[in-house]
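Analysis of the macromolecular model
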Amino acid sequence: MSSFDTVILPARPEDAPWLHELHTASVRALCSGHYSADVLEAWLWNRAPSGYFAPIERGDLFVAERGSRIVGFGEAAPGTVIAVYVDPADVLQGVGTAILRHALARAHREHADPVRLEATLNARDFYERAGFREVKRSTVKRNHVDVPVVVMEYDAVRP
């Protein structure tokens, strides 16, 4: 399958349980080679499907579907790509690229400056291949644990 088989749709409240499951599976499978088990557990601790309701209601969260199955999701707001997550069973099939393209288009709405994101260590190369450049290394707090991230910027012409 290719990114052409992937349909991007607004997330709905009834998608929240699946988004939570996909998010957890993606972090555990795709980030485990770059983060310790303690960091991953702190990152995922205390998450629940209800945590997706606010960005769904704002219209910032969207899903990637193939057939009738959610294979990934993204979140973006003006000036920032907040999330790009792919089901581990669907990596390297164009899903992440389709999500990122949609996220960039959303991030450029009402925003003319470069778009920023905080990339996980495992996703840094993916974003670099898409045209982002590393600005700095940083950390984000997740349940009192520092999670290393790479702050990246996309300043190419709007998609």
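Just so we're clear, the structure is a prediction, and the values are computed from it rather than from any experiment.

Calculation notes
Residues numbered from 1 in each chain as written. Predicted model: local features only at pLDDT ≥ 70, side-chain atom pairs only at ≥ 80, totals over all residues. Heavy atoms only, no water. Helix = DSSP H or I, 4+ residues; strand = E, 2+ residues; numbered from the N terminus. Rg over C-alpha atoms; globule rule 2.2 N^0.38 Å. Buried < 20%, exposed > 50% of the residue type's maximum accessible area, 1.4 Å probe, protein only. Areas by Shrake-Rupley, 256 points an atom, 1.4 Å probe, with all protein chains shown as cover. Lys, Arg positive; Asp, Glu negative; His and termini not counted. Charge placed at Lys NZ, Arg CZ, Asp CG, Glu CD. Contact = heavy atoms within 4.5 Å. Phe/Tyr/Trp six-rings, centres within 6.5 Å; stacked < 30°, edge-to-face > 60°.

In terms of regular secondary structure, the protein chain is built from five helices and seven strands. Moving toward the C terminus, one meets the helices and strands of the protein chain in the order β-α-α-α-β-β-β-α-β-α-β-β. Against the 2.2 N^0.38 benchmark of 15 Å for 159 residues, the protein chain shows a C-alpha radius of gyration of 15 Å, consistent with a compact globule. With 159 residues in all, the protein chain has 45% of them scored as buried. Accessible surface, the protein chain: about 8,400 Å² in total, of which carbon and sulfur atoms supply 52%. Charged side chains in the protein chain number 18 positive and 21 negative. The centres of these two groups are separated by 3 Å.

On the secondary structure map, proline 148 appears in strand β7 (residues 145-154). Given the relative accessible area of 31%, proline 148 is considered partly exposed. Dropping the residues within four chain positions of it, proline 148 is found in contact with Tyr35, Leu121, Ser138 and Thr139.

Okay, helix α2 (residues 37-44) next. Taken together, the buried positions of α2 are Val39, Leu40, Ala42, Trp43 and Leu44. One or two steps after α2, the chain reaches asparagine 46, where phi turns positive at roughly 70°.

According to the stated counting rule, one finds six aromatic pairs in the structure shown. With a centroid separation of 5.5 Å and 75° between ring planes, the pair formed by tyrosine 35 and tryptophan 43 is classed as edge-to-face. Relative to phenylalanine 73, the ring of tyrosine 52 has its centre 6.1 Å away and its plane inclined at 90°; by these criteria the two rings are edge-to-face. Within this pair, whereas tyrosine 52 is found in the loop between α2 and α3 (53-58), its partner phenylalanine 73 is found in strand β3 (residues 69-77), the two being separated by 21 residues in sequence. Here tyrosine 52 matches phenylalanine 73 in class, with each residue buried.

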